[in-house]
Amino acid sequence: MRRITGKAKDETLIELQNATDSQTTDENNGNGVSLSELAILPGHTETDKLQTNRDTVFFRDGVRRIDFVLSYVDDKDGEKKQERRKEFEANLEKAGLELETEDKSESKDQKTYFLKIHAPWDVLATYAEVLKIKVPFKESDIPHGQDAPLEWLSHPLRLPEHIMRPQPDYFTYPFDKKKTDFFLISDKDTFFPPSTRSRIVFYILARCPYYNEGRKDREKTGIKRLLSNGTYAAAFPLHDCRYWKRARNAECESERYNLYKNWARFLCFYKEQPLNLIRKYYGEKIGIYFAWLGFYTEMLFFAALMGVICFAYGLLSYDDNVSSKEICDANIGGSIIMCPLCDKKCPFWKLNSTCLSSWQSHLFDNEGTVFFAIFMGIWVTLFLEFWKRRQARLEYEWDLVDFEEEQLQLQIRPEFEIQCTNRRLNKITQEMEPYLPVTSKCARFCLSAATVIFWISLIVACIIGVIAYRLAVYAAFASIIKDPMRKIQLVGRFITPQLATSVTASCINFVIIMILNFFYERVAIWITDMEIPKTHLEYENKLTVKMFLFQFVNYYSSCFYVAFFKGKFVGHPGAYTYMFGNWSTLRNEECDPGGCLIELTTQLVIVMTGKQMCGNIQEALLPVMRNWWSGRKGRHHPENHYSRWEQDHVLQNFSQLGLFYEYLEMVVQFGFITLFVASFPLAPLLALFNNILEIRVDAWKFTTQFRRPVASKARNIGAWLEILNAVAVLSVVTNAFIMAFTSDMIPRMVYLYAYSKGSNMRGYVNNSLSVYNISHIPLRSMPEEHDYWFDNSTTTCRYRDYRYPPGHEREYTHTMHFWHILAAKMAFIIIMEHVVFMVKFFVAWLIPDVPSDVKARIKRERYLVQEHLHNYEVERLKMQLSASFVTEPRSETSSSME
């Protein structure tokens, strides 16, 4: 094999130019069309433009395609690294790969070497058989689904047919090197698409050693280790062209350009996604992610629409809110003196000071919220069941039906092979394979579990710290905002001590979430590496469980506190409950006078929108800044000076865990819009807007900011589906408890149907407040300046609870009204959970995971594959027999003549 270096480039160019010019002259009857003239004619190869254009995906001969590129820079530790590269490249050549080096003098920075790798047909055929890559053997004769009657309505949303279906449908079969005539091989150079070629080359690179044959060192294996120790700076397959213009070479597909034009631009936000083209260019794993994200966004439209209707009902019923009118009435709410909300610093206050918050609470805490919570429990089931059907259809269309077993058997991680020195016999393959002893596995698991528990405990400690902050700072805000109606009238109407505490605590909690998230990501990867998972699928599933468990506690714990703990264990005047016991001064926090639901809404909005905004800024702006800082060239840089490998080299590397973080972001969002959606019906609408932007930002990143990732297969979204199912079940429980214990809906309904005299809500506010004798308040809880707040005739204050008044034989104990409400709450939880779960299970049973037409197509295709393969074997056997019959008579005739 001949390796061409940059130093020999001029001589090679002269030979190629002379050969090309002479050939062109003969073809044009002596007209003498020169190389420079051919550069502007369509249909010519990259060889014709070699001197004027370096934006190519071919070797210098213009024939062999570049399947992978390695880059490196000489540095102080150059001798050791040079020795490693020498051994590694020699072993690559022994494996059959062809190499071509670009000298650093040819690069723009005059520092970087580029090693271009080409896999010839024999190598591709050998490893395609090893990896059992499915290839076409016959064009499919199964028709596509017929157009729906109103299909024309969706025409504005559709993309051109050649974008949606970049290649015909074929029947496929695992490649067999001995049966090359069985497959549809018209051109060996283009039979395997670039994504498959790069996948095969990366498989070789990941397992190729860089040691001499004489001395074996198992750890000195694979491109990943060479990248980590700095021997190579980068390893990546090439994009097929620049994203803003087509490739000049007609042999280049220009799929990157098509993706950018029809998918990555934000102006295409209303268009469907070209999933088949995404799969063809980036591989099935990335394709399935965008298919799931697109489907999730489509389903969010219905949830968002229902949420808007629920919110609109709250707005339209604004004037019918009798409770808020009573609170705001100067003769009712203005005459009710409320007990202090904290010790010493908090004064007595008038109920009408919470007028605004009571109106705000009604927007989200109304009868429509119950319907919306039940609807979301059913919606999440429909979403998951319909996604399973969509996923099954993609598995069939993308030849992933039988892929799971292949992935478990063939995609063993190189790190597992290197680090596991023990061998045992595989009962299925009857071959020796590496394995991790049970004792080592248990020890690693225990260390991993202990690390996860430690970090989750750290989150809980931080949440307790935030709660302590809320309790401590509330008194400070209360001392500043003594009497919102009298002292600071301009601001006090909008900023209460409860609101100020809730907002600042939510912001602090969000900052803590982001800091802990930053550190735990690295810890989770470290402990997953330590466990040495066997396959890539197992590695991702282990990391997924660890990361989501942490993110669940990190993002949702503050919302769980506000929803289910705040205001539930307060006690009553004279017998308040304190956070760290009676010796402490941190009294347990009470809800906002408008109810705890509005505080849960505030917490949810700050954390959810804050995360989405930070995520979008990080995804959209940071890649641009990094590329600008690294000196990435702009669109107008001359193509003849800036090679394709240099353009891709300055892009960001797409790591193996790149999709993991995309899934994690969306699943955390899914938790927000399902677990606590009863408190904020507009959450699906915010998620919808975010996801419309997210799809195009992710598409833009993949096509313009990232190097082309190595194509990999996946038949589904992996462990994320089980996590989504778990969140869906938990969401029914959380929303039922939110409606029962956080919302005021159940107490209002009990009053309306059991205690109201005129079947209306008049008198509900007075009924929901208990009376306490001010003289019974302990000195530690008495406000410092209470004399300024009420005249000497005021002897009682009110508080939110259902207890007997002073002077009653059972004073300050719960009334029967309290137990009626508690029974109603428990009944509501049981009824709502059973109704929603029954509907969920019925819908799951009613909707099959695999559509009937897909089942029929799979059976039909398997039958046709077996039939075609049988006919092929019969024909080949007939040819062998006929050839033997022809040979035998000739031998008999020759012997008789003798």
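Criteria and cut-off values
- Residues numbered from 1 in each chain as written.
- Predicted model: local features only at pLDDT ≥ 70, side-chain atom pairs only at ≥ 80, totals over all residues.
- Heavy atoms only, no water.
- Helix = DSSP H or I, 4+ residues; strand = E, 2+ residues; numbered from the N terminus.
- Buried < 20%, exposed > 50% of the residue type's maximum accessible area, 1.4 Å probe, protein only.
- Contact = heavy atoms within 4.5 Å.
- Areas by Shrake-Rupley, 256 points an atom, 1.4 Å probe, with all protein chains shown as cover.
- Pairing = 2+ DSSP bridges.
- Axes fitted to C-alpha atoms, helices over the stretch in contact; angles between N-to-C directions.
- Salt bridge = Lys/Arg side-chain N within 4 Å of Asp/Glu carboxyl O.
- Disulfide = S-S within 2.5 Å.
- Nonpolar A, V, L, I, M, F, W, Y, C, P; charged D, E, K, R; others polar.
- Parallel < 35°, antiparallel > 145°, perpendicular 65-115°, else oblique.
- Left-handed = near helix turned anticlockwise from the far one by under 90°.
- Polar contact = N/O pair within 3.5 Å; in protein donor to acceptor, adjacent residues only side chain to side chain.
- Expected span 1.5 Å × (residues − 1).
- Patch = residues over 30% accessible without salt bridge, like charges linked within 9 Å, V, L, I, M, F, W, Y side chains within 5 Å.
- Core = buried A, V, L, I, M, F, W, Y, C linked by side-chain atoms within 4.5 Å.
- Domains from an automatic or database assignment.
- Phe/Tyr/Trp six-rings, centres within 6.5 Å; stacked < 30°, edge-to-face > 60°.
- Lys NZ or Arg CZ within 6 Å of the ring centre and 35° of its normal.

### Brief notes about the overall build of the protein chain
- Counting secondary structure elements, the protein chain contains 29 helices and 14 strands.
- The proportion of buried residues among the 898 residues of the protein chain is 52%.
- By sequence separation, contacts in the protein chain at least 24 residues apart represent 77% of the contacts at least 6 residues apart.
- Carbon and sulfur atoms form 60% of the exposed surface of the protein chain, whose accessible area is close to 42,800 Å².

### Here we look at the sheet that holds strand S1 (residues 68-73)
- Overall, antiparallel pairing links the four strands, which are arranged S2-S3-S1-S6 in an open sheet. The open sheet has two edge strands, strand S2 (98-102) and strand S6 (234-236), and neither has a second partner. Each strand of the sheet is rotated relative to its neighbour by a mean of 20°, with strand direction disregarded.
- Of the strand pairs in this sheet, S1 and strand S3 (residues 112-118) are connected by six bridges, and their pairing is antiparallel. Of the residues in S3, the one forming a bridge with Leu70 is Leu115.
- Helix H7 (residues 194-207) rests against S1 and S3 of the sheet, and its axis sits at about 50° to S1.

### Here we look at the pattern of salt bridges
- Summed over the entire model, instances satisfying the criterion amount to 34 salt bridges.
- For the salt bridge of Arg800 with Asp744, the shortest nitrogen-to-oxygen distance reads 3.4 Å. Placement of the pair is Arg800 in strand S14 (residues 796-800) and Asp744 in the loop between helix H25 (719-742) and helix H26 (745-755), with a sequence separation of 56 residues.
- On the basis of relative accessibility, which here comes to 41%, the residue Arg800 falls in the partly exposed class.
- Here Glu873 makes a salt bridge to Arg876, at a shortest N to O gap of 3.7 Å.

### Quick notes on the state of the cysteines
- Summed over the entire model, instances satisfying the criterion amount to three disulfides.
- Each disulfide pairs two cysteine sulfurs, and for Cys328 the partner residue is Cys355, the sulfurs being separated by 1.8 Å. Judged by the sign of its S-S torsion, about 100°, the bond between Cys328 and Cys355 is right-handed. Of the two residues, Cys328 sits in helix H12 (residues 322-328) while Cys355 sits in helix H13 (residues 355-364), which places them 27 residues apart along the sequence.
- Two residues share a disulfide in this structure: Cys342 and Cys346, whose sulfurs sit 1.7 Å from each other. Handedness of the Cys342-Cys346 disulfide follows from its S-S torsion of about 100°: it is right-handed. One exposure class covers both Cys342 and Cys346, and it is buried.
- In this structure Cys252 is not part of a disulfide, and its nearest cysteine sulfur, from Cys241, lies 7.5 Å away.

### Quick notes on the packing of helix H14 (residues 367-397) against helix H23 (residues 658-675)
- Where H14 meets H23, the closest approach of the two axes is 10 Å, and the angle between their N-to-C directions is 145°. Two secondary-structure elements touch here, H14 through Met376, Trp379, Val380 and Phe383 and H23 through Phe670, Ile673 and Thr674.
- In terms of residue class, the contact of H14 with H23 is made up of six nonpolar, one polar and no charged.

### Describing the packing of helix H11 (residues 284-316) against helix H24 (residues 683-705)
- Direction vectors running N to C along H11 and H24 enclose 160°, while the axes themselves pass 7 Å from each other. Judged by the inter-axis angle, H11 sits roughly antiparallel to H24. Between H11 and H24 lies a crossing of left-handed hand. Residues Ile286, Tyr289, Phe290, Leu293, Gly294, Tyr296, Thr297, Leu300, Phe301, Ala303, Ala304 and Val308 of H11 form the contact with H24, whose participating residues are Pro684, Leu685, Ala687, Leu688, Asn691, Ile692, Glu694, Ile695, Asp698, Ala699 and Phe702.

### Thoughts on the environment of Arg60
- Here Arg60 lies in the loop between helix H2 (35-38) and S1.
- The exposure class assigned to Arg60 is buried, which follows from its relative accessible area of 4%.
- Placed 40 residues apart in sequence, Arg60 and Glu100 show a C-alpha to C-alpha distance of 8.6 Å.
- For Arg60, the side chain forms a polar contact with the side chain of Glu102, separated by 3.0 Å.

### Quick word on helix H3 (residues 78-94)
- Under the 1.5 Å per step criterion, the end-to-end length of H3 is 24 Å for 17 residues, consistent within 8% with the ideal 24 Å.
- Buried positions along H3 lie against S1, S2, S3, H7 and helix H8 (223-228).
- Among the residues trailing H3, Gly96 stands out with phi positive, at a value near 105°.

### Re the environment of Lys566
- Within the secondary structure layout, Lys566 lies in the loop between helix H20 (536-564) and strand S11 (571-572).
- Residues Lys566 and Ile467, spaced 99 residues apart in sequence, show a C-alpha to C-alpha distance of 9.5 Å.
- Lys566 has contacts with Arg470, Tyr561, Glu589, Glu590, Cys591, Cys596 and Glu599, leaving out every residue within four places of it along the chain.

### Focus on unusual backbone geometry
- Unlike most non-glycine residues, Lys132 shows phi in positive territory, near 55°.
- With respect to the helices and strands, the residue Lys132 is situated in the loop between helix H4 (121-130) and strand S4 (134-139).
- Here the phi dihedral of Ser254 falls at roughly 55°; this positive angle occurs in a residue that is not glycine.

### Re a nonpolar patch on the surface
- Among the surface-exposed residues, Leu157, Phe266, Phe269, Tyr270 and Leu693 lie close enough to one another that they form a single nonpolar patch of about 460 Å² accessible area.
- On the secondary structure map, Leu693 appears in helix H24.

### Comments concerning the nonpolar core
- In terms of nonpolar packing, the biggest core is built from 131 residues, with Trp292, Tyr296, Trp379, Phe383, Phe676 and Trp720 touching the most fellow members.
- Considering each element in turn, this core owes the most residues, 16 residues, to H11.
- Looking at which domains feed residues into this core, each of domain 1 (68-280) and domain 2 (282-408 + 535-631 + 646-747) gives three or more.
- Judged by nonpolar contacts, the second largest core, of 45 residues, contains Leu115, Ile117, Leu131 and Ala235.

### Observations concerning the packing of aromatic side chains
- Counted according to the given criterion, the structure contains 66 aromatic pairs.
- Relative to Phe191, the ring of Trp121 lies with its centre 6.1 Å away and its plane at 65°, an arrangement referred to as edge-to-face. Remark: Phe191 occurs in helix H6 (residues 188-191) and Trp121 occurs in helix H4; sequence separation between them is 70 residues.
- On the basis of an interplanar angle of 45° and a centroid distance of 5.9 Å, the ring pair of Phe295 and Trp387 is categorised as tilted. With Phe295 in helix H11 and Trp387 in helix H14, the pair connects residues that are 92 residues apart, well separated along the chain.
- Judged by relative accessible area, Phe295 falls into the buried class, the value being 12%.
- Its relative accessible area of 0% is what places Trp387 among the buried residues.
- The ring of Phe58 is capped by Arg65, whose NZ or CZ atom sits 5.9 Å from the centre of that ring.
- Of note, Arg708 hangs over the ring of Tyr281, and the distance from its end group to the ring centre comes to 3.8 Å.

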